[in-house]
Amino acid sequence: MTTTTTVPRTPLRPTTVPARRRRVLPGPSTIARVVVLAVATFLTLGPVLWTLWIAVTPKAAGGGGGGFSLSAFSEVFSKVDMVLLVWNSALVTGLCAVGQMFTAALAGYVFARVEFRGSRALFGIVLATMMVPLQVTIVPVFMLIRGMGLSDTLLALILPAIPTAFGTFLMRQYFLGLPAELAEAAAIDGAGPFRTFRSVYAPLAMPGLAIVGILAFNFHWNEFFRPLILTISEQNFTLPLGLVTLQGNLGTGSVATVLAGVVLSMIPALVVFFFGQRPLREGLTAGTSK
Amino acid sequence: MAVTLPAERPRVDASSATLHAVAGKRARRARGLMAALFLAPTVLGITLFTLIPIVASIVLAFFQWDIISPPKFVGVDNFVAIGTDPTVRVAFLNTFGFVVVAVALQLAVALGLAVLVQSKMPGWLRGFFRSALFFPLILSAASVSLMMAFLFNQDFGLVNQVLSLVNLPAVPWLTSAGGATVVVVLVYVWQNFGFSFLLFVGGLASIPRDVYEASSIDGITGWSQFRHITLPLLSPTVLVASVMAIISALQIFDQPYVLTRGGPGDSTRTAVMVIFESAFQQLQFGKASAIGIVLTLIIMGVTALQFRLSRRFVFYQ
């Protein structure tokens, strides 16, 4: 009798009772953790919210704190050709994204599914170019663009950005993840290699293509270095470059105006954030794990 | 049905075999055509816009060239200038210092927050924190820097307003060498810790739960659990995150360019900034190429180090 009652009592009591209590009420350590995370989140989102606040409460002397008004937004449209900047950015970003999706899908498919001599070596070279920083090739690319007669055009930004080593790598991985039996089934049904790609694999690769497209969109919408070098006249500026130039012209006189522009430039990023967060996250961390 | 099936099967097999033999050759030729057509845009594009420019850059690094007059061969002068030209040397030293401080801060913040976010809490709260903390990563570095330039403005910026609330004097954030350096590091880390954070969250999520359960039963909890269980199992992620953070920090440009244009003096000038200035402001294309090549070699060195270290120190399951 004594053994049967004491043996279960000692190991059971200390483990089950606090465990159940923790499930009902968060313990002090959980609250502390959430507080730390909340502070970090506040520091992360705070500057963005402050920017928004200044932009909608402009004061004549600069800074914010006036009444609610959208005058800073109309101001930014009158100080700089916002419509043109947004159009340029959208055109460059859109064509870069679509171009990258297209070339990456084609090359990725061949590297994944079509065997030919030298395939591995060629893929290795493509992969190795991912290590080359943009800044080391920018001078010769600048010369090349000049030689092609494309300097100070939007094509100077689009054309060199269309071939993508990273996108090709991502799409190759994606196609490798699709079952090879589909190609055999398509061949038995009489489909040639082009038909197999177009009707079977390309439609299945859409989630992978979405990752390539969203990453390209995010990168090129935000990029600053290449537009700074490859465009010269303001009519070819993209949005970030236009806003930095605007700040240089206005000085700190009308903070709210520049910040209104900054807020507008963040809208597409917000759209991507809310509607394409998962592919974005997957894409950003792709290539870091095997 | 049961009678026709076995009768039909061999016929299908035979015809498909002959079809295969005839179609095999045609299919092989079609596949070759496909490989050539499909690879052409990527391979030609990368050759034209990456491979040829690398070679051109290497050649150009041994010349003095301002586009206008013909290039003049100067041997290794452009490389020597990296050590002797005070601006370039300071820019490289700034970049190294920046990489050490910013990467350490970025990894520490990211790892700490990743551990917290992966600890026990309601799912919706975890999802909210995870999204909010990686948000700055998707913004434009140029826009963020414009925003931060006003946030750290000496006269009306939010930071100095907060300092004045607690009776601290206004700090000349962007107009003093020390202040500008601190701001560049903070702005960079603010925007980029989310990337390491994502990697760490992924790494932590892949550690099996039973390891923690087993160690808790053995009485290993809290810090010692983090030190002896989490960190060794996370070491592959830590290595990858460090290398990627170093490579990206070595190329810092947007933030100091927008915030300070490299000033005050040369205090926030970086390696990429002197590439930009040498090439497109001083028209010294050879010098810019030499700096770019040295930066690339450093990046490749870091990548090579990653492979060596991962063999020696990283604990793989």
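The rules we used
- Residues numbered from 1 in each chain as written.
- Chains lettered and ligands numbered in written order.
- Predicted model: local features only at pLDDT ≥ 70, side-chain atom pairs only at ≥ 80, totals over all residues.
- Helix = DSSP H or I, 4+ residues; strand = E, 2+ residues; numbered from the N terminus.
- Buried ≥ 20, exposed ≤ 12 C-beta atoms within 10 Å, placed from the backbone.
- Contact = placed C-beta atoms within 7 Å.
- Nonpolar A, V, L, I, M, F, W, Y, C, P; charged D, E, K, R; others polar.
- Domains from an automatic or database assignment.
- Axes fitted to C-alpha atoms, helices over the stretch in contact; angles between N-to-C directions.
- Parallel < 35°, antiparallel > 145°, perpendicular 65-115°, else oblique.
- Left-handed = near helix turned anticlockwise from the far one by under 90°.
- Expected span 1.5 Å × (residues − 1).
- Bend = angle between axes of the 7 residues up to and from the residue.
- pLDDT = per-residue confidence, 0-100.
- Core = buried A, V, L, I, M, F, W, Y, C linked by C-beta atoms within 7 Å.

Q: What is the right way to look at the overall build of chain A in this model?
A: Counting its secondary structure elements, chain A contains 15 helices and zero strands. Within chain A, buried positions represent 43% of all 290 residues. Across chain A, the fraction of contacts at a sequence separation of at least 24, relative to all contacts at a separation of at least 6, is 75%.

Q: How do you make sense of unusual backbone geometry when you look at a structure like this?
A: Even without being a glycine, Asp152 of chain A presents a positive backbone phi close to 60 degrees. Mapped onto the fold, Asp152 of chain A is located in the loop between helix H6 (134-147) and helix H7 (155-158). Even without being a glycine, Leu283 of chain B presents a positive backbone phi close to 55 degrees. Residue classification places Leu283 of chain B among the partly exposed positions, given that 13 C-beta atoms sit within 10 Å.

Q: How should the interface of chain A and chain B be read in this particular structure?
A: It is common to give the size of an interface as the accessible area that goes away when the parts come together. Contacts between the two partners involve 67 residues from chain A, matched on the other side by 73 residues from chain B. No other element matches helix H2 (residues 28-56) of chain A, which puts 12 residues into the side of chain A that touches chain B. Of the residues belonging to the side of chain A that touches chain B, the class tally is 45 nonpolar, 20 polar and two charged.

Q: Before we go on, may I ask you to explain the domain arrangement of chain B in this structure?
A: Assigned domains within chain B: domain 1 (4-60) and domain 2 (77-312). Computed from C-alpha coordinates alone, the two centres of domain 1 of chain B and domain 2 of chain B are separated by 43 Å.

Q: So what exactly am I meant to see when it comes to the packing of helix H8 (residues 165-177) of chain A against helix H11 (residues 206-222) of chain A here?
A: Between two packed helices, what matters for the description is the angle formed by their axes and the separation of those axes. All names here are of chain A. Close contact between H8 and H11 brings their axes to 9 Å; oriented N to C, the two are set at 165 degrees. On the basis of their axis angle, the class for H8 and H11 is roughly antiparallel. The two elements H8 and H11 meet at a crossing, and its hand is right-handed. Between H8 and H11, the contacting residues are Gly167, Leu170, Met171 and Tyr174 on the first element and Gly208, Ile211 and Val212 on the second.

Q: Explanation requested: the domain arrangement of chain A in the structure shown.
A: Along its sequence, chain A is organised into domain 1 (2-56) and domain 2 (75-285). The class makeup of the residues in the side of domain 1 of chain A that touches domain 2 of chain A is three nonpolar, one polar and no charged.

Q: Help me out: how do you make sense of helix H9 (residues 222-250) of chain B in this one?
A: Residues three or four positions apart in an α-helix share a direction because the helix packs 3.6 residues into each turn. Residue and element names in this part refer to chain B. The terminal C-alpha atoms of H9 lie 35 Å apart, and with 29 residues this falls more than 12% below the ideal 42 Å at 1.5 Å per residue. The largest bend in H9 comes to about 60 degrees, at Ser235, with the proline Pro236 one to four residues further on. Listing the buried residues of H9 in full gives Leu234, Thr237, Val240, Ala241, Val243, Met244, Ala245, Ile246, Ala249 and Leu250. Looking at the buried side of H9, the elements it contacts are helix H3 (86-117), helix H7 (177-205) and helix H12 (285-312).

Q: How do you make sense of the confidence of the model for chain A when you look at a structure like this?
A: In the predicted model, chain A carries a mean pLDDT of 83, and the fraction of residues at 70 or more is 86%. Note on residues 1-24 of chain A: pLDDT is under 50 here. Beyond four places in sequence and across chains, it has one contact.

Q: I tried to follow the nonpolar core on my own but got confused; where do I start?
A: Most often, soluble globular proteins have nonpolar side chains that are buried together. Counting 158 residues, the largest nonpolar core has Leu259 of chain A together with Phe197 of chain B as its most contacted members. What Phe197 of chain B contacts, discounting residues up to four positions off in sequence, is Ala110, Leu113, Ala114, Leu133 and Phe134 of chain B.

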